[in-house]
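Secondary and tertiary structure notes
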Amino acid sequence: MDLGVFLSLVMFVVFMAMILTGYNVAFSFAATAIFFAFIGDLTDTFRVESLAILPQNWARALESPDLLAVPLFVLMGAILERSGLAERLLNAFGLLMGPVRGGVAAAVIVVGTLLAAATGVVAATVIVMGLLSLPAMLRLGYDHKLATGAIIASGTLAQLLPPSIVLILLASELGVGILGLFAGALIPGLLLSGLYIIYALVLSHFRPEVGPIMPKEERQLSGNPGAKAALFVGIALGAIVGLVLLLISPSIVPIGFAATFAVSFLIVYFGKMLATEVLVSVVPVIVLIMGVLISIFQGVATPSESGAVGVFGALILAVLNYGFDRLLVSEGATHIQPDWRLTGKAMGEAGRSTANITILVMTLLFASTFFSLMFRELGGSDQTSEWLKSIGGGKAGFVLIAMVAVFILGINLEFLEITFIVVPIFVPAMQLLEFSTFDKVWFAVLMAVNLNMAFISPPVGFSLFYLQSVAPPEVKTSDIHKGAIPFMVLQGIALVILGLVPAITEFSFNTFSLN
């Protein structure tokens, strides 16, 4: 074996050993790259002059409009969380589906899916859902394993559903368009969410004690909205729906506004407070998420521009939510407090959390670029590509080996770290195997589903620890781990289905992508 190739493999082994000891991944990337740069220079297996391209690569990363979408979508989710919109959405869905066995668990999955699409960050989604929904499900008598499993499984969908940060980074590393990857992942993400909902409802149907019905008295809200409330809600919802329809075709805006206004007015005027609460809690958030995705899929805005619109839309919804609160309280509602939640302190917290994630991404990007350059210059990339190509089965064999590696790494590492570790190794092999653009999209979707499974796998899946950090004392760690297993099985089934039937991803890709 060539000395340079040997050094590159030793460098990778040393790097993996460092991160498994708990050392910072970005620093591990940089430290091993610097050390082996000296070793390579001393052994004449590395040209120091090749480091001159690093500043260019870093500058290109900073100028990338695609990566600009990361902080914007994170900030959008943080605003939804801290403005009270996420809490209100969860309460409304719980009230709506409470009469069904397992309905609250299904509602948690639906809301977790929406928040996953809105935040794009697993930790934020799981923690928020744990704080808001777990105490309520425990109070209703839900089985601890079903309750915790529903939270961690739906929250982890933030890695798969667009506009996921994972998808943004995978698109950048694989060299495919963000639009195409978002489009290809949409239906697979909804497929997983659907499997979770079906499982919760079917299990609760055959075992009523694990997912009891919400008592009728808890589903009754005081107050009776009148014509004034109906008029305000109708105009407000009609306006935001009209803005989203404007992205599709200006000609349908009047029809959409009129239809939304009429339906909303009738629901509020003739319905009770429960119907009104569900309407004003659910529709605005869904419209915001749909607006962001439609603007991307219709080609009206780039992902980064859509992220900026999403942040602005979240701020508008925060103001609208405050208006709805004051309106319903004036109509006799006692289940809400008309307090302005998006204070300066809350906005500061949202900004800090966004900055933390953005700095983490960029630090990993810079350090991993240095590591990848060293690995390639020492000959590791070419040798690894040859080994991966030589695996029997062509593309299918490569994908199988890659998925096993991703799952094993996903148990111990964050998705950001995995993306920057393995994808630069996989890409050269994909080029040798002549992966098309769609093949790369299909591979990225499988990788995202695989990471979902790894993230909730006992005993060290990250989502388990996120939920454990906010779970009430009566919820045992074993309950969280046992609750994850059925959802892991569902994820495994989905992974096999998507792997054997690429047509599902292809249909999603062709339906929503402009390519």
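Reading guide: rules and limits
- Residues numbered from 1 in each chain as written.
- Predicted model: local features only at pLDDT ≥ 70, side-chain atom pairs only at ≥ 80, totals over all residues.
- Heavy atoms only, no water.
- Helix = DSSP H or I, 4+ residues; strand = E, 2+ residues; numbered from the N terminus.
- Buried < 20%, exposed > 50% of the residue type's maximum accessible area, 1.4 Å probe, protein only.
- Contact = heavy atoms within 4.5 Å.
- Areas by Shrake-Rupley, 256 points an atom, 1.4 Å probe, with all protein chains shown as cover.
- Core = buried A, V, L, I, M, F, W, Y, C linked by side-chain atoms within 4.5 Å.
- Expected span 1.5 Å × (residues − 1).
- Bend = angle between axes of the 7 residues up to and from the residue.
- Axes fitted to C-alpha atoms, helices over the stretch in contact; angles between N-to-C directions.
- Parallel < 35°, antiparallel > 145°, perpendicular 65-115°, else oblique.
- Nonpolar A, V, L, I, M, F, W, Y, C, P; charged D, E, K, R; others polar.
- Patch = residues over 30% accessible without salt bridge, like charges linked within 9 Å, V, L, I, M, F, W, Y side chains within 5 Å.
- Salt bridge = Lys/Arg side-chain N within 4 Å of Asp/Glu carboxyl O.
- pLDDT = per-residue confidence, 0-100.
- Phe/Tyr/Trp six-rings, centres within 6.5 Å; stacked < 30°, edge-to-face > 60°.
- Left-handed = near helix turned anticlockwise from the far one by under 90°.

In terms of helices and strands, the protein carries 22 helices and zero strands. The principal-axis extents of the C-alpha atoms in the protein amount to approximately 80 × 50 × 45 Å. Taking all 515 residues of the protein together, 56% fall into the buried category. Contacts in the protein between residues far apart in sequence, at least 24 positions, make up 80% of those at least 6 positions apart. For the protein, the exposed surface amounts to about 20,700 Å²; the carbon and sulfur share of it is 68%.

This paragraph deals with the nonpolar core. Membership of the largest hydrophobic core comes to 184 residues, with the highest contact counts inside it found for Phe 398, Phe 443 and Met 447. Per element, the largest residue contribution to this core is 14 residues, and it comes from helix α13 (residues 273-297). When neighbours within four sequence positions are excluded, Phe 398 is seen to be in contact with Leu 388, Phe 426, Ala 429, Met 430, Leu 433, Phe 435 and Phe 443.

Right, let's get into helix α18 (residues 415-432). With 18 residues, α18 extends 25 Å from end C-alpha to end C-alpha; this agrees with the ideal 26 Å at 1.5 Å per step. Roughly 35° is the biggest bend found in α18, and it falls at Val 423, with proline Pro 424 one to four residues downstream. Once α18 ends, the next one or two residues include Glu 434, with phi positive near 60°.

The contact between helix α19 (residues 437-455) and helix α21 (residues 477-500) brings their axes to 9 Å, and the two run at 170°. In terms of orientation, α19 and α21 fall into the roughly antiparallel class. Side by side, α19 and α21 meet where Trp 442, Val 445, Leu 446, Val 449, Asn 450, Asn 452 and Met 453 of the first sit next to Met 488, Gln 491, Gly 492, Leu 495, Leu 498 and Gly 499 of the second. Split by residue class, the contact of α19 with α21 holds eight nonpolar, five polar and no charged.

Next up on the list: unusual backbone geometry. A positive phi angle is found at Asp 44, which is not glycine, with a value near 60°. Along the chain, Asp 44 turns up in the loop between α2 (25-42) and α3 (54-63). Phi angles above zero are rare outside glycine, and Glu 434 is one such case at about 60°. Looking at where Glu 434 falls in the secondary structure, it is placed in the loop between α18 and α19. Residue classification places Glu 434 among the exposed positions, given a relative accessible area of 65%.

This paragraph deals with the side chain of Thr 505. Tracing the backbone shows Thr 505 in helix α22 (residues 502-512). On the accessibility criterion, Thr 505 (0% relative accessible area) is buried. Not counting chain neighbours up to four residues away, the residues in contact with Thr 505 comprise Gly 184, Pro 188, Phe 438, Val 441, Trp 442, Val 445 and Leu 498.

Taken together, the side chains of Ile 485, Val 489, Ile 493, Val 496, Ile 497, Leu 500 and Val 501 present a nonpolar region at the surface, about 600 Å² in accessible area. Here Ile 485 lies in helix α21. For Ile 485, a relative accessible area of 44% puts it in the partly exposed group.

For the protein, per-residue confidence averages 86 on the pLDDT scale, and residues scoring 70 or more make up 98% of the total. The least confident element of the protein is helix α16 (residues 380-389), whose mean pLDDT is 72; the most confident is helix α12 (residues 253-270), at 94.

The next subject is the pattern of salt bridges. Counted under the stated rule, the structure contains eight salt bridges. Put simply, Arg 88 and Asp 325 hold a salt bridge, and the shortest N to O gap is 2.5 Å. Taken as a pair, Arg 88 in helix α5 (residues 85-97) and Asp 325 in helix α14 (residues 303-330) lie far apart in primary sequence, 237 residues in all. We classify Arg 88 as buried; its relative accessible area is 6%.

Here the focus is the packing of aromatic side chains. Counting across every chain of the model gives 20 aromatic pairs. Judged by centre distance (5.9 Å) and plane angle (85°), the ring pair of Phe 232 and Phe 324 falls under edge-to-face. Separated by 92 residues along the polypeptide, Phe 232 in helix α11 (residues 227-248) and Phe 324 in helix α14 bring together distant segments of the chain. For Phe 324, a relative accessible area of 1% gives the class buried. Put simply, the rings of Phe 12, Phe 15, Phe 29, Phe 371 and Phe 375 pair up and form one aromatic cluster.

This part covers the environment of Leu 433. Within the secondary structure layout, Leu 433 lies in the loop between α18 and α19. Given the relative accessible area of 13%, Leu 433 is considered buried. Sequence-wise, Leu 433 and Ala 123 are 310 residues apart; in three dimensions their C-alpha atoms are separated by 35 Å.

So, on to the packing of α5 against helix α6 (residues 103-119). The N-to-C vectors of α5 and α6 enclose an angle of 145°; their axes lie 8 Å apart at closest approach. Crossing hand, α5 versus α6: right-handed. Contacts between α5 and α6 involve Ala 86, Leu 89, Leu 90, Phe 93, Gly 94 and Met 97 from the former and Gly 103, Val 104, Ala 106, Ala 107, Val 108, Val 110, Val 111, Leu 114 and Leu 115 from the latter. Here the contact of α5 with α6 is composed, by residue class, of 13 nonpolar, two polar and no charged.

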